[in-house]
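So you can see what is in the structure, the chains are spelled out below.
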Amino acid sequence: MRRRTETLAGAALFRSLSPDELRALEDRCLWRRVEAGQWIIDFEDEGTDVFVVAAGLVRVTIRAISGRTVILRDIPAGEFFGELAAIDGKARSAGIVAVTNATVACMPAALFRDCIHRHPDVCDQVMVLLAGEIRKLATRVNEFNTLDVRHRIYAELLRLARPDGRGEHSATISPPPPHADLAARVSTRREAVSRELSALERDGLLEKRRGALVLLDTRRLRERVRQAAEED
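Residues numbered from 1 in each chain as written. Predicted model: local features only at pLDDT ≥ 70, side-chain atom pairs only at ≥ 80, totals over all residues. Heavy atoms only, no water.

### Observations regarding the packing of aromatic side chains
As a reminder of what qualifies: Each aromatic pair joins two rings of Phe, Tyr and Trp (for Trp, the six-membered one) with centres within 6.5 Å, and gets the label stacked for planes under 30 degrees apart, edge-to-face for over 60, and tilted for any other angle. Where helices and strands are cited, they refer to DSSP runs of H or I of at least four residues and of E of at least two residues respectively, numbered from the N terminus. Here the term buried applies to any residue with accessible area under 20% of the maximum for its type, exposed to any over 50%, and partly exposed to those in between, with areas from a 1.4 Å probe on protein chains only.
In total, this model carries 2 aromatic pairs according to the counting rule given. Ring centres of Phe 51 and Phe 81 lie 5.1 Å apart, and the angle between their planes is 10°; this geometry places the pair in the stacked category. Here Phe 51, found in strand β3 (residues 50-55), pairs with Phe 81, found in strand β6 (residues 80-81); they are 30 residues apart in sequence, far enough to count as distant. Given the relative accessible area of 4%, Phe 51 is considered buried. Using a relative accessible area of 3% as the deciding quantity, one classes Phe 81 as buried. Both rings, one in Phe 80 and one in Phe 112, keep their centres 6.4 Å apart while their planes meet at 45°; by these two values the pair is tilted. Here Phe 80 is found in strand β6, whereas its partner Phe 112 is found in helix α3 (residues 109-118), with 32 residues between them in sequence. For Phe 112, a relative accessible area of 1% puts it in the buried group.

### Remarks on the UniProt feature "domain: HTH crp-type" (unreviewed entry) in the chain
Counted only if it meets this: UniProt positions are given in the numbering used here, feature names are shortened, and annotations may be inferred rather than shown by experiment.
The residues that UniProt annotates with the feature "domain: HTH crp-type" (unreviewed entry) are residues 147-219. This span, residues 147-219, is 48% helix and 18% strand, and a straight line between its end C-alpha atoms measures 18 Å.

### Structural notes on helix α1 (residues 19-27)
Applicable threshold: Comment: arc refers to directions from the helix axis out to C-beta atoms. When checking whether two residues touch, look at their non-hydrogen atoms; a contact exists if any pair is within 4.5 Å.
Those residues of α1 not exposed but buried are Leu 22, Leu 25 and Glu 26. Taken end-on, α1 shows its buried residues confined to a sector of 100°, consistent with a single buried face. Turned more than 90 degrees from where α1 packs its buried face, Asp 20 and Asp 27 sit exposed. In this structure, the buried side of α1 is in contact with β1 (30-34), β8 (102-107) and α3.

### What to know about the domain arrangement of the chain
The criterion, for reference: Throughout the structure description, domain borders are defined by an automatic or database domain assignment. Salt bridge, as used here: a side-chain nitrogen of Lys or Arg that lies within 4 Å of a carboxyl oxygen of Asp or Glu. For the purposes of these results, a polar contact is taken to be a pair of N or O atoms within 3.5 Å, where, inside protein, one atom must be able to donate a hydrogen and its partner to accept one; residues adjacent in sequence count only when each atom of the pair is a side-chain atom.
Per the domain assignment, the segments of the chain are domain 1 (12-144) and domain 2 (147-231). The distance between the C-alpha centroids of domain 1 and domain 2 comes to 28 Å. Domain 1 puts 11 residues into the contact, and the matching count from domain 2 is 11 residues. On inspection of domain 1 and its partner domain 2, the count reaches 3 salt bridges. For Asp 181, the salt bridge identified is with Arg 59, shortest N-O distance 3.0 Å. For the pair domain 1 and domain 2, the number of links is 6 residue pairs in polar contact (both at pLDDT 80 or more). Residue assignment for the side of domain 1 that touches domain 2 shows that the elements contributing at least two residues are β5 (69-76) and α4 (120-146).

### Details of the packing of helix α5 (residues 149-160) against helix α6 (residues 179-186)
The cut-off we apply is this: A fitted line through C-alpha atoms serves as each axis, taken over the contacting stretch for helices, and the angle formed by two N-to-C directions is quoted from 0 to 180°. Under this scheme an angle from 65 to 115 degrees is roughly perpendicular, one under 35 degrees roughly parallel, and one over 145 degrees roughly antiparallel; angles in between are oblique. Classification used: nonpolar for Ala, Val, Leu, Ile, Met, Phe, Trp, Tyr, Cys and Pro, charged for Asp, Glu, Lys and Arg, polar for all others including Gly.
Contact geometry for α5 and α6: axes closest at 10 Å, N-to-C directions at 110°. When the axes of α5 and α6 are compared, the pair comes out roughly perpendicular. Of the residues in α6, those touching α5 at Arg 152, Ile 153, Glu 156, Leu 157 and Leu 160 are Leu 182, Arg 185 and Val 186. The class makeup of the residues in the contact of α5 with α6 is 5 nonpolar, no polar and 3 charged.

### Section: unusual backbone geometry
Geometrically, the link from Ser 174 to Pro 175 is a cis peptide bond, its omega value of -5° lying close to zero. The topology assignment puts Pro 175 in the loop between β10 (171-173) and α6. At Ser 187, a residue that is not glycine, the phi angle is positive and equals roughly 60°. Within the element layout of this structure, Ser 187 appears in the loop between α6 and α7 (190-202).

### A word on the pattern of salt bridges
In this structure the tally under the stated criterion is 19 salt bridges. Two residues, Asp 20 and Arg 23, come together in a salt bridge whose shortest N-O distance is 2.3 Å. Of the two residues, Asp 20 and Arg 23 both sit in helix α1, 3 residues apart, roughly one turn of that helix. You can call Asp 20 exposed: its relative accessible area is 54%. Note on Arg 23: relative accessible area 45%, which makes it partly exposed. Overlapping salt bridges, with partners in common, bring together Arg 59, Asp 74, Glu 143, Glu 156, Arg 159, Asp 181 and Arg 185 in one network.

See the structure below:
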């Protein structure tokens, strides 16, 4: 009997499929349960399967030439990864590690491609995702070329934050990322993150609360990032 977590019903990618089509797709997937800290795929692996996160949270990482790990993004339940290898048949461009215990559906590349060809909405969503990832990578490349560590940290905090209803320019990051994780997102050291967060607290732009970081004035933070980019 399939576990309750072994379903694709929560994946927006397959929203256009009928219940019968969805069940047929689920039956052709290999289901895996992974523990927090376990690698699902490694950088430059040769596999071409696509993975759908049915439960839990996983993380996309790459290892820089310096040996430092860089965090690209987190993938929550309902989203997918591995589509590049399924499309072009080449080695994996990044590694994926489970942040929490997770359940993933492993879908053969041929099945994924067939689903794209049969369902225009699935195809459109994949194209939108790929376009979005290209835009994000272009933004990050620009930040690495134009911003110092301090302002890269500011930019990443703004990306992670969500409006919290406390005010027009207030936003919250919850749960707060460990300093080491935030450092890995902007290619710096944990000590630099600690120093800059403390400076933001002193400036009245950040407040640490239980289970959250609160950005008290996102407008000022964005202005600092903009000015730093223009001064480069």
